[in-house]
Amino acid sequence: SLEEHPQDTLDFIPSTLRQHLADLHSGKIDLAIMAEPASDHLDGLAFHALCPETFSFCMRPDHPLAEKTLLSEDDLLRYPILCGKYEFLKLPFAESLPTNTTVRPLQDEYDISARIRSHTSEELIIIHSHWANCYSNMLRVIPSTLSAGQIGAVCCPPVSKQTSRFLQYLAQTATEPVDS
């Protein structure tokens with residue numbers, strides 16, 4: 001709380017994962033929440049797992065799969081899947097999909113053009129489920145049964161007492177059941 005820690009601030013900075021890693025390395029930020037990076041991209045940073053993650057898929061509101069509440073591997077075999085280029089992920093999107101899916105890799109990370117492309121076609125966008133709210137304003141987002149590894153916090157050691165307490169809080173919060 002601010003009463004206990006008036007010198008601490010918590011800012012939510014929307015950015016690419018690539019930029020978050022660069023900001024951590026430069027000391028601009030203390031901690032970033034993200035999907036687990038591959039160990040060779042941590043380069044001295046520490047990953048603290050918070051919770052397991054699944055993949056979700058974004059599609060236009062009238063897509064043939066739009067009425068489903070959970071997608072299975074079989075659902076994904078019928079439609080092309082747009083995969084952003086996130087080479088630093090431990091579980092890259094394209095490698096996490098079932099073998100017979102049609103993967104359409106993008107040249108870079110997702111931007112508005114991928115959303116428009118999915119909104120005007122039968123192509124699906126694969127995302128980490130925790131980021132569904134970033135896409136739900138334009139597309140229908142449906143979770144799947146596919147494991148996406150872990151979501152966690154990345155920080156630069158040594159971790160300060162404040163950051164350590166915040167990591168403990170996040171870990172506790174991530175495992176608490178959500179009240180309906």
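Our subject in this report is the structure included herewith.

Looking now at the sheet that holds strand E2 (residues 46-59). An order of E1-E6-E2-E5-E3-E4 is seen for the six strands of this open sheet, with the pairing classed as mixed. At either margin of the open sheet sits one strand with a lone partner, and together these are strand E1 (31-35) and strand E4 (103-105). Ignoring strand direction, the axes of neighbouring strands in this sheet form an average angle of 30°. By the bridge criterion, twelve bridges tie E2 to strand E6 (residues 140-155) in an arrangement that is antiparallel.

Glancing now at helix H1 (residues 17-26). Restricting attention to buried positions, one finds in H1 the residues Leu17, His20, Leu21, Asp23 and Leu24. Each buried residue of H1 sits inside an arc of 160° when the element is viewed along its axis, so together they form one side. Where H1 is buried, its residues contact E1, helix H2 (39-42) and E6. Backbone geometry just after H1 places Gly27 at a positive phi near 85°.

What counts, and where the lines are drawn
Residues numbered from 1 in each chain as written. Predicted model: local features only at pLDDT ≥ 70, side-chain atom pairs only at ≥ 80, totals over all residues. Heavy atoms only, no water. Pairing = 2+ DSSP bridges. Helix = DSSP H or I, 4+ residues; strand = E, 2+ residues; numbered from the N terminus. Axes fitted to C-alpha atoms, helices over the stretch in contact; angles between N-to-C directions. Buried < 20%, exposed > 50% of the residue type's maximum accessible area, 1.4 Å probe, protein only. Arc of directions from axis to C-beta. Contact = heavy atoms within 4.5 Å.

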